[in-house]
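Observations on the three-dimensional arrangement
Residue-level listing of the chains:
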Amino acid sequence: MELKAKLDSGALTSSLHATDVEVFEKEGDDWVRFTVGVRDEASGKKMEKTFEKPRYRKVLIRGAGGVDRRPVVLMNLCMGNTIYEEQFTLNDRSDMIYPVLLGRRTLSHLGYLDVTQTFTHSPDCDEGSIVKLDKDQEDDKDIDD
C-alpha cells in the first residue's frame, strides 16, 4: 500500500500506525501481532491487515505525554525503486496526519534529502528491486540508542 510519511529528524526510530498491538511468545521468542489500518494513497481505499512479526527489540519513548514502552519490528519500505528493511516502533497514530513517521535511523539510510521538495518519490518496487536489509545498513555515527 502507498502511504504518506512524515520525516522527523527529532525521532531516532521510525514509527508505524498500528492498533491491537500484542506481544506473545512463539517458539521461545517474543513476537508481535498488530493491525495496520490505513488509507491507501494510490487508490483512496481504507485497508486493514494484521501482521505477526518477530519483536526486533523494544524501546522506551520519552516525550511530552510521558513515558511509553513500544515494540520494534522490521518492516519493508519502498522508496523509489529500492526496498529498505527498517526498524519501526508500533504506535496508534490515528490522531496524526501521517500514518508513518521516518526517524533519523531510516533517514540516514535514504541518503541526502532536498527539504524544499515534497512527495518526490513514488513507490516503484517489484520482485527485481534492490533490497537493503537492516543488518547490512550502517547508521550514522551520531545515532545511538
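A brief look at the structure comes next. (Residues numbered from 1 in each chain as written. Predicted model: local features only at pLDDT ≥ 70, side-chain atom pairs only at ≥ 80, totals over all residues. Heavy atoms only, no water.)

**Some remarks on the packing of aromatic side chains**
To describe a pair of aromatic rings, you give the distance between the ring centres and the angle between the ring planes. For the coordinates displayed, the defined rule picks out 1 aromatic pair. Where F34 meets F51, the ring centres are 5.4 Å apart and the plane angle is 20 degrees; that geometry is what we call stacked. One end of the pair, F34, is in strand β4 (residues 29-39); the other, F51, is in strand β5 (residues 46-54), with 17 residues separating them in the sequence. You can call F34 buried: its relative accessible area is 0%. One Lys or Arg, R33, reaches over the ring of F24 and ends 4.2 Å from the middle of that ring. (Phe/Tyr/Trp six-rings, centres within 6.5 Å; stacked < 30°, edge-to-face > 60°. Helix = DSSP H or I, 4+ residues; strand = E, 2+ residues; numbered from the N terminus. Buried < 20%, exposed > 50% of the residue type's maximum accessible area, 1.4 Å probe, protein only. Lys NZ or Arg CZ within 6 Å of the ring centre and 35° of its normal.)

**Some thoughts on the sheet that holds β4**
Taken together, the 3 strands give an open sheet; going across it, the order is β3-β4-β5, and neighbouring strands pair in antiparallel fashion. Unpaired on one side and paired on the other, β3 (19-26) and β5 mark the two borders of the sheet. Strand-to-strand twist of the sheet, defined as the mean angle between neighbouring strand axes without regard to direction, takes the value 15 degrees. Across 6 bridges, the pairing between β3 and β4 is antiparallel. Each bridged residue has a counterpart across the sheet, and for E22 the counterpart in β4 is R33. (Pairing = 2+ DSSP bridges. Axes fitted to C-alpha atoms, helices over the stretch in contact; angles between N-to-C directions.)

**A word on the pairing of β4**
The hairpin turn running from β3 into β4, its antiparallel successor, is 2 residues long, and E27 in that turn takes a positive phi close to 55 degrees. With antiparallel pairing between neighbouring strands as the criterion, β4 and β5 make up a hairpin whose turn holds 6 residues, including G44 at a positive phi of roughly 80 degrees.

**Observations regarding the environment of V73**
Here V73 shows up in strand β7 (residues 66-79). With 16 residues separating them along the chain, V73 and T89 place their C-alpha atoms 6.6 Å apart. In this structure V73 touches V32, F34, K53, P54, Y56, E86, Q87, F88 and L90, once residues within four positions along its chain are discounted. (Contact = heavy atoms within 4.5 Å.)

**Regarding the environment of L107**
Assignment of secondary structure puts L107 in helix α1 (residues 104-110). L107 sits 14 residues away from R93 along the chain, and the two C-alpha atoms are 20 Å apart.

**What to know about the pattern of salt bridges**
Evaluated as defined, the whole model comprises 5 salt bridges. With a closest N to O distance of 2.8 Å, E52 and R33 form a salt bridge. In this pair, E52 is assigned in strand β5 and R33 in strand β4, connecting sequence segments 19 residues apart. With a relative accessible area of 25%, R33 lands in the partly exposed category. Through salt bridges with shared partners, one network takes in E22, R33 and E52. (Salt bridge = Lys/Arg side-chain N within 4 Å of Asp/Glu carboxyl O.)

**Concerning the environment of M75**
Locating M75 in the fold gives a position in strand β7. With 20 residues separating them in the primary sequence, M75 and D95 have C-alpha atoms 22 Å apart. With sequence-adjacent residues up to four places away left out, M75 is seen in contact with L16, F34, F51, K53, Y84, E85, E86 and F88.

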